[in-house]
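# Architecture at a glance
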Amino acid sequence: MANELKSVQVLAPATVANLVCGFDVLGMALQQPQDVMTLRLIDKPGIFIQKDDVYKLPTEPEKNVAGASLLALMEEWKEPVGFEVIIDKRIKPGSGLGSSAASSAGAVVAANHLLGNPFSKEDLVRFAMNGEKVASGVKHADNIAPCIYGGITLIRSIFPLDIIQLTAPPMYVTVVHPQIEVRTSDARQILRKEVQLKAAIKQWGNIAGLVAGFMKNDYDLIGRSLEDVIIEPVRSILIPGFDDVKKRSKDAGALGGGISGSGPSIFMLSKEEYVAKGVEEVMIDVYTRLGIEFKTYVTMINYSGAKVIEIP
């Protein structure tokens, strides 16, 4: 049974997927930037997406990540329903900051609220993964889950879906987004299909160490575990200045970091704000010298996830 609200707004946060060693299984929500999604219940059944003049995103529901996610939700709702969708896109597509996940997650969180919250968060992740499939060709939840749940999430399994919320100590996140595009689908295609057992063992140790570091509030263990021996060596070649940013950020006191999602954004975790701001100066210097336009953020972990704002 839908509630009496006719319109709702959702702030859908950017996310950092993989968290260096946790390819497709770890993700973290950020305080900034955030998309603003507005959904309105309408009498005419179907999904009507308002044209986006900035990024020229498709308005056909099955080709739009928000639309595809809503179609999956409506399939299980069973009753005829109509939504008008307005997306104020503040997370640039192709940034590596979970732009498609924010639209996908924001749409289903908003729709669920308008319908009286009949679906669980796990259901919403399942619906929103259909948007990720439109964006990258693969159903993955490492951006979707933190966007909906907030904080840091572990995706133990996709089929069946098994999401674990992790505790973590306070940390600052510094992000640089070089204004180049790395498509998720392209970044997946260059990955090796097989890995050496020796590399896999090292990666498993780092993932376990990172999860333990988060849950034990052990900053040193977090820093030691932020190492990727499988994905980063391949993907980093797509990002100019990556090695310089990483080395100089750690020299400036960052715990560590790496590629955000499939890139080109790079993130670094820091214990103190002054260190995070020092890391931002490093990032500014590297990309100014390279002559590549960029945007930076100094933010923190978003523990609430996609936030609903009711519109009277």
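The following paragraphs examine the structure supplied in this document. The residue numbering used here restarts from 1 in each chain and proceeds along that chain's sequence as written. Under the rules for a predicted model, residues below a pLDDT of 70 receive no local features and side-chain atom pairs below 80 are neither given nor counted, while totals for whole chains, interfaces and linings still include all residues. For the side-chain quantities, the full set of heavy atoms in the structure was used; hydrogens and water were omitted.

### Remarks on the side chain of aspartate 35
Turning to its location among the elements, aspartate 35 is positioned in strand S2 (residues 26-42). Exposure is judged per residue with a 1.4 Å probe applied to protein chains only, and the accessible area is read against the type maximum: over 50% gives exposed, under 20% gives buried, and values in between give partly exposed. Since its relative accessible area comes to 0%, aspartate 35 is described here as buried. Side-chain polar atoms of aspartate 35 contact the side chain of lysine 89, separated by 2.2 Å. Nitrogen and oxygen atoms within 3.5 Å of one another constitute a polar contact, given that in protein one can donate a hydrogen and the other can accept it, and given that sequence-neighbouring residues count only through two side-chain atoms. A distance of 2.8 Å separates a polar side-chain atom of aspartate 35 from the backbone nitrogen of isoleucine 91. Residue contacts are defined here by distance: any two heavy atoms, one from each residue, within 4.5 Å place the two residues in contact. Setting aside residues up to four positions removed in sequence, aspartate 35 forms contacts with Val10, Leu11, Ala12, Asp88, Lys89, Arg90, Ile91, Ser99, Ala102 and Ser103. By definition, any uninterrupted DSSP run of H or I lasting at least four residues is a helix, any uninterrupted run of E lasting at least two residues is a strand, and each is numbered from the N terminus.

### What about the nonpolar core?
In terms of nonpolar packing, the biggest core is built from 74 residues, with Met28 and Phe83 touching the most fellow members. When residues in this core are grouped by element, the largest group, nine residues, is from helix H2 (residues 99-114). Excluding residues within four positions of it along the chain, methionine 28 makes contact with Ala14, Thr15, Val16, Leu19, Pro146, Gly151, Ile152, Val173, Phe267, Leu269 and Ile301. We call a set of buried residues a nonpolar core when its members are Ala, Val, Leu, Ile, Met, Phe, Trp, Tyr or Cys and they connect through side-chain atoms within 4.5 Å of each other. Counting residues in each nonpolar core, the second largest holds 15 residues, with Phe242, Met268, Val275 and Val279 among its members.

### Topic: empty space enclosed by the protein
Within this scheme a cavity is a closed region of a 1 Å grid, computed over the protein atoms alone, that accommodates a 1.4 Å probe without allowing it to escape, whereas a pocket is open but has protein on both sides within 12 Å along at least five of seven lines; lining residues each have an atom within 4 Å of a point. Grid points are joined across faces, edges and corners, and a volume is the space filled by probe spheres set on the points. For the structure shown, the criterion picks out two cavities of 30 Å³ or more. Estimated volume of the largest cavity: approximately 70 Å³. Lining the largest cavity are Asn18, Val20, Asp228, Ile231, Glu232, Arg235, Ile259 and Gly261. Each residue receives one of three labels: charged for Asp, Glu, Lys and Arg, nonpolar for Ala, Val, Leu, Ile, Met, Phe, Trp, Tyr, Cys and Pro, and polar for the others, Gly being one of them. When the residues that make up the lining of the largest cavity are grouped by side-chain class, the tally is three nonpolar, two polar and three charged. Contributing to the lining of the second largest cavity are Ile49, Gln50, Asp52, Leu57, Pro58, Asn64 and Ile87.

### A word on the sheet that holds strand S10 (residues 294-300)
When DSSP finds at least two bridges between two strands, those strands are taken to pair. Pairing is antiparallel across the open sheet formed by four strands, whose spatial order is S8-S9-S7-S10. A strand with exactly one partner marks an edge of an open sheet, and here the two such strands are strand S8 (256-259) and S10. The mean inter-strand angle of the sheet, taken between neighbouring strand axes irrespective of direction, is 15°. Examined bridge by bridge, strand S7 (residues 172-178) and strand S9 (residues 266-270) share five bridges and lie antiparallel to one another. Paired with tyrosine 172 across the two strands is serine 270, which belongs to S9. To define axes, lines are fitted to C-alpha atoms, for helices over the stretch in contact only, and angles between the resulting N-to-C directions are given on a 0 to 180 degree scale.

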